[in-house]
Amino acid sequence: MATINDNYLKLKAGYLFPEIARRVNTFAEANPDADIIKLGIGDVTEPLPEACRTAMIQAVEDMGNRDTFRGYGPEQGYPWLREKIAAQDFQARGCQVDASEIFISDGSKCDTGNILDIFGKNNKIAVTDPVYPVYVDTNVMAGHTGEVNEKGEFEGLVYLPISAENNFTAQIPSQKVDLIYLCFPNNPTGATTSKENLKAWVDYAKANGSIIFFDAAYESFITDESLPHSIYEIEGARDCAIEFRSFSKNAGFTGTRCALTVVPKTLTAKASDGSDVELWKLWNRRQSTKFNGVSYIVQRGAEAVYSEAGKAQVKALVSFYLENAKIIRQKLTEAGLSVYGGVHAPYIWVKTPNGLSSWDFFDKLLQTCYVVGTPGSGFGAAGEGYFRISAFNSRENVEEAMKRITQKFKV
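Quantities reported herein were computed from a predicted structural model and do not represent experimental measurements. (Residues numbered from 1 in each chain as written. Predicted model: local features only at pLDDT ≥ 70, side-chain atom pairs only at ≥ 80, totals over all residues. Heavy atoms only, no water.)

What about the packing of aromatic side chains?
The description of an aromatic ring pair rests on the distance of the ring centres and on the angle between the ring planes.
Link 1 in the chain: Taken as a whole, this structure holds 28 aromatic pairs when the rule is applied.
Link 2 in the chain: A ring pair is formed by Trp-349 and Tyr-386, whose centres lie 5.4 Å apart and whose planes are at 10 degrees; its orientation type is stacked. With Trp-349 in strand S12 (residues 347–351) and Tyr-386 in strand S15 (residues 386–390), the pair connects residues that are 37 residues apart, well separated along the chain. The burial state of Trp-349 is the same as that of Tyr-386; both residues are buried.
Link 3 in the chain: The structure contains a cluster of three or more aromatic residues connected by ring pairs, namely Phe-119, Tyr-132, Tyr-135, Tyr-181, Phe-213 and Phe-244.
Link 4 in the chain: Directly above the ring of Trp-359 sits Arg-23, whose terminal nitrogen or CZ lies 3.9 Å from the centroid.
Link 5 in the chain: Between the NZ or CZ atom of Lys-265 and the centre of the ring of Trp-280, over which it lies, the distance is 4.7 Å. (Phe/Tyr/Trp six-rings, centres within 6.5 Å; stacked < 30°, edge-to-face > 60°. Helix = DSSP H or I, 4+ residues; strand = E, 2+ residues; numbered from the N terminus. Buried < 20%, exposed > 50% of the residue type's maximum accessible area, 1.4 Å probe, protein only. Lys NZ or Arg CZ within 6 Å of the ring centre and 35° of its normal.)

Structural data, given as structure tokens:
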């Protein structure tokens, strides 16, 4: 008889966002006239930039001509896209990243999970708490953890709490860990980090032979140029870090699907016999075996992000969502709530009032204001007592949601 991967059974609570959808659907069925505004899941709402659409239309036309038709593309991505990424996203900021070290994919969410394929099962893994659930759940699925406790923490993971009390800055572990997940600007808290803090992590990783998984999916929302956009702005990071990026939130590719992962060729980890192995070769082998690459049409759309028109249009998109975040911060503060994030990130992290649990606050906001957010406890034990609001929505919906909260919600 066929058997299953029992590790999936450890995920008894289910994925966070389907649970939100279940509660919202239940409420909507009971209240069919309620105009529900969803500021929970981080999905974009504004159309793709015109430059990207135009490029993709041309790419479709290319597919209709034998001379320009494309079949299977290179699994690592077309060189013309990787070269623009290397030059404009990294080299322009002083980062020594070569186009050959960039792998185009269908999502940084996918890559942060798939990267575990090339690492062993005995690594000690550290995550911030709260944390993007994919980091934890994919490790559970891969068998890297024990069971979950009553607080929602999985045995075998090292949790690094972040909260208002420590300015949402995780402490360097006192123990040795092998794999470290860092996300800046942070999802879910919206916090940023300094070059000095990143340097401390790089120094720790190099001293302990650790690998940092650096998720920079929201780097385009940074407006303070003293803050790092890439971990490769830090000396020594090429020897200890893999970086993940996405076109989803800056250029609106959540439904179009295009992202990238940087694996420096200087990066190594240990084999069971103690020898050093180049991780670039392993990731390249994994992608060549399990991934057929992102479509030619989508990659042409992503390439257009780096055109002059594309850069201006993407900047306008990012500014639009940042203005939404500013409005949310201001109105929630006026409502008497303690608010964090939302300055260099599209997420606002709210302290739940009056000792309400994260899910109780979720239900109260839904039932009194018809507004949906994300319970902080869904991001980890340290997220209890907090709540995430997303700035990804239309201006009309954001303003209406904040109007309801300021008028109807009582702290």
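There is more to say, and it comes next.
Digging into the sheet that holds strand S14 (residues 374–375)
Link 1 in the chain: Within the open sheet, the four strands sit side by side as S11-S12-S15-S14. Their pairing is antiparallel. Looking at strand neighbours, the two that pair on one side only are strand S11 (338–341) and S14, the edges of this open sheet.
Link 2 in the chain: Note: S12 against S15, five bridges, orientation antiparallel. Bridge pairing in S15 places Trp-349 opposite Arg-388.
Link 3 in the chain: Contacts between helix H11 (residues 358–369) and the sheet are confined to S14 and S15, with S15 contributing the most and set at about 45 degrees to the helix. (Pairing = 2+ DSSP bridges. Contact = heavy atoms within 4.5 Å. Axes fitted to C-alpha atoms, helices over the stretch in contact; angles between N-to-C directions.)

What about the nonpolar core?
Link 1 in the chain: Counting 64 residues, the largest nonpolar core has Ile-85, Ile-212, Ile-231, Tyr-232, Phe-247 and Phe-253 as the members making the most contacts within it.
Link 2 in the chain: Among residues more than four places away in sequence, those in contact with Phe-253 are Leu-48, Cys-52, Phe-247, Ser-248, Cys-258, Val-298, Gly-301 and Ala-302.
Link 3 in the chain: In terms of nonpolar packing, the next biggest core, distinct from the first, is built from 38 residues, Phe-27, Ala-34, Trp-359 and Ile-405 among them. (Core = buried A, V, L, I, M, F, W, Y, C linked by side-chain atoms within 4.5 Å.)

With respect to unusual backbone geometry
Link 1 in the chain: In this chain, Asp-129 is followed by Pro-130 through a cis amide linkage whose omega measures 10 degrees.
Link 2 in the chain: Position of Pro-130 relative to the elements: it lies in the loop between strand S3 (125–129) and helix H5 (133–141).
Link 3 in the chain: Between Phe-184 and the following residue, Pro-185, the backbone shows a cis peptide bond with an omega angle of -15 degrees.
Link 4 in the chain: On the secondary structure map, Pro-185 appears in the loop between strand S5 (179–183) and helix H6 (195–208).
Link 5 in the chain: Unlike most non-glycine residues, Phe-168 shows phi in positive territory, near 55 degrees.
Link 6 in the chain: Classification of Phe-168 by relative accessible area gives buried; the value is 6%.
Link 7 in the chain: At Arg-257, a position not held by glycine, the phi torsion is positive, near 70 degrees.
Link 8 in the chain: Following the sequence through the fold, Arg-257 ends up in the loop between helix H7 (248–251) and strand S8 (259–262).
Link 9 in the chain: For Arg-257, a relative accessible area of 29% corresponds to the partly exposed category.

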